[in-house]
Amino acid sequence: MTTVAAPSDLTNTASALRRLYFVRAAFAILWALVMFATADGISPFVAALLVLYPLFDVGAAVVDANASRATRAPVLLYVNMAVSLAAAVGVGIASASGIPAVLRVWGAWAVVAGLVQLVVAVPRRRMGGQWPMILSGGISVLAGASFVGAAGAEDPTLTSAIGYAVPGGIFFLVSALRLGRSGGDEDRSGRGASL
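Throughout, residues of each chain are indexed from 1 in the direction in which the sequence is written. This being a predicted model, a pLDDT of at least 70 is required before a residue's local features are given, and a value of 80 or more before pairs of side-chain atoms are given or counted; all residues contribute to the totals for chains, interfaces and linings. Excluding hydrogens and water, the side-chain figures rest on all heavy atoms present in the structure.

Counted as salt bridges are all cases of a side-chain nitrogen of Lys or Arg within 4 Å of a carboxyl oxygen of Asp or Glu. A full pass over the atoms with the stated rule returns one salt bridge. A salt bridge links Asp 57 to Arg 24, with the nearest nitrogen and oxygen atoms 2.3 Å apart. Taken together, the residues span a long stretch of sequence, with Asp 57 in helix α2 (residues 44–67) and Arg 24 in helix α1 (residues 2–38) at a distance of 33 residues. Helix and strand definitions here come from DSSP, where helices need a minimum of 4 consecutive H or I residues and strands a minimum of 2 consecutive E residues; each element is numbered from the N-terminal end.

Here is the structure:
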């Protein structure tokens, strides 16, 4: 019986994740464009945008966990919700202290969120479209470490943290496109019948 239900669960999860990844891609690119246009320093508007990014990640993790329930949502999605919520609060507080403090919080969040993304994506490979997520998770870890390092620079800027959103958006877009193709192929051919 689980063998019969598995392709449908896998296809439904892939379809929900595909929609989520398209939304995440659009949000990341739009957010980066607005930040590039406004982030000369940390104004109240820029601080609000900086807090919004990890808050959006919380919402995306909630949607992901609900979509993945049939295929056993990883506990790490709940960890990601907590970490991203803490990052939003931390970035809000750090915004009052300046760019170095923001980069340290943003970097720590990118490292942990990247590790979570990597560990969640690996078992989802059978769904298709997860190699961009695996790469994105690994790059996020490295980028996060570089943000922490950049916080100690002579004149740190938010440019690297803003630029972090662009490749993330591209990876989500590629993954969404691959999930659409992979999910449909699995549904038609019956592959992926066991989880």
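Next up on the list: the layout of surface pockets. Space left empty within the atom packing is revealed by a probe, the size of a water molecule, rolled over the atoms. We place a 1 Å grid over just the protein atoms. Points where a 1.4 Å probe fits but has no way out form a cavity, open points with protein on both sides within 12 Å along at least 5 of 7 lines form a pocket, and any residue with an atom within 4 Å of a point lines it. Grid points are joined across faces, edges and corners, and a volume is the space filled by probe spheres set on the points. Taken as a whole, the largest pocket holds about 510 Å³ of empty space. In terms of lining residues, the largest pocket is bounded by 33 residues, among which Arg 24, Asp 57, Gln 117, Ser 136 and Phe 172 are the most central. Counting residues per element, the lining of the largest pocket draws most heavily on helix α4 (residues 99–121), which supplies seven residues. For this classification, Asp, Glu, Lys and Arg are treated as charged, while Ala, Val, Leu, Ile, Met, Phe, Trp, Tyr, Cys and Pro are nonpolar and the rest, including Gly, are polar. Looking at side-chain class alone, the lining of the largest pocket contains 22 nonpolar, seven polar and four charged residues.

This paragraph deals with the side chain of Arg 24. Remark: exposure states derive from per-residue accessible area (1.4 Å probe, protein chains only) relative to the maximum for the residue type, with buried under 20%, exposed over 50%, and partly exposed in between. The class of Arg 24 is buried, set by a relative accessible area of 16%. If near-sequence neighbours (up to four positions away) are discounted, Arg 24 is found in contact with Phe 56, Asp 57, Ala 60 and Phe 172. In this description, contact between two residues means that some pair of their heavy atoms is separated by no more than 4.5 Å.

It is worth spelling out the packing of aromatic side chains at this point. Ring pairs shown here join Phe, Tyr and Trp side chains whose ring centres sit within 6.5 Å, with only the six-membered ring taken for Trp; geometry is labelled stacked below 30 degrees between planes, edge-to-face above 60, and tilted in between. Under the criterion given, the structure shown has 10 aromatic pairs. Between Phe 147 and Tyr 164, the ring centres sit 5.5 Å apart and the planes meet at 85°, which makes this aromatic pair edge-to-face. You can see Phe 147 sitting in helix α5 (residues 131–150) and its partner Tyr 164 sitting in helix α6 (residues 159–189), a full 17 residues away along the chain. Classification of Phe 147 by relative accessible area gives buried; the value is 3%. An aromatic cluster is present here, built from Phe 27, Trp 31, Tyr 53, Phe 56, Trp 106, Trp 109, Phe 147 and Tyr 164 joined pairwise through their rings.

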